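Structural description and commentary
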Amino acid sequence: MVVRVGEVEPGVPLEVAWTWLDGPDGEEQLFEHEIDVEVGDAAYSHGVATGPLSAGRYRATVSLGASAEEALFAVRPDPITFPRAGLGLRSNARPARACPTFERCERSHPRAA
């Protein structure tokens, strides 16, 4: 996920929380972290799965001070195929674990002048 930062109070971090919405017990928090940002920065946050993602819906919630936004996305249970092109996007074997395992990656880049 990429977040473009506008005006921000000094010292207020960007907070990011990733959630799996369709876990076996309902919503399951995957991870959360903070990114130090300044006015005009572009902040990047993404999860790196240690195996295939489980099918279902996911949410990334971003907050900066009193403002918050959500981004929703879904993972399909089956690969997407393109019959005439002979190409297909394939998933790996189903994960052994019922829930995805993530590592986090974070960074902030100043806006290009």
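We now turn to the structure provided with this report.

**With respect to the overall build of the protein**
A count of helices and strands for the protein gives zero helices and nine strands. Counting from the amino terminus, the protein carries its helices and strands in the arrangement β-β-β-β-β-β-β-β-β. For the protein, the proportion of its 113 residues judged to be buried stands at 28%. For the protein, the share of sequence-separated contacts (at least 6 apart) that also reach a separation of at least 24 residues comes to 64%.

**Thoughts on the pattern of salt bridges**
This model, assessed by the stated rule, comprises three salt bridges. Across the salt bridge formed by Arg59 and Glu27, the nearest N and O atoms sit 3.0 Å from each other. Of this pair, Arg59 sits in strand β5 (residues 56-64) while Glu27 sits in strand β3 (residues 26-35), and the two are 32 residues apart along the sequence. When its relative accessible area of 15% is taken as the criterion, Arg59 is described as buried. The exposure class of Glu27 is exposed, given its relative accessible area of 53%. In this structure, the salt-bridge partner of Glu70 is Arg59, at a minimum N-O distance of 3.9 Å.

**Describing the sheet that holds β3**
Read across the open sheet, the four strands follow the order β3-β2-β5-β6; overall the sheet is antiparallel. The open sheet has two edge strands, β3 and β6 (67-75), and neither has a second partner. Sheet twist, expressed as the mean angle between neighbouring strand axes with direction ignored, is 20°.

**A look at the side chain of His33**
Relative to the assigned elements, His33 resides in strand β3. Side-chain polar atoms of His33 contact the side chain of Ser45, separated by 2.8 Å.

**Points about a negative patch on the surface**
A surface patch of negative charge is lined by Glu15, Glu32, Glu34, Asp36 and Glu38. Locating Glu15 in the fold gives a position in strand β2 (residues 14-23). On the basis of relative accessibility, which here comes to 37%, the residue Glu15 falls in the partly exposed class.

Analysis parameters
Residues numbered from 1 in each chain as written. Predicted model: local features only at pLDDT ≥ 70, side-chain atom pairs only at ≥ 80, totals over all residues. Heavy atoms only, no water. Helix = DSSP H or I, 4+ residues; strand = E, 2+ residues; numbered from the N terminus. Buried < 20%, exposed > 50% of the residue type's maximum accessible area, 1.4 Å probe, protein only. Contact = heavy atoms within 4.5 Å. Salt bridge = Lys/Arg side-chain N within 4 Å of Asp/Glu carboxyl O. Pairing = 2+ DSSP bridges. Axes fitted to C-alpha atoms, helices over the stretch in contact; angles between N-to-C directions. Polar contact = N/O pair within 3.5 Å; in protein donor to acceptor, adjacent residues only side chain to side chain. Patch = residues over 30% accessible without salt bridge, like charges linked within 9 Å, V, L, I, M, F, W, Y side chains within 5 Å. Areas by Shrake-Rupley, 256 points an atom, 1.4 Å probe, with all protein chains shown as cover. Lys, Arg positive; Asp, Glu negative; His and termini not counted. Charge placed at Lys NZ, Arg CZ, Asp CG, Glu CD.

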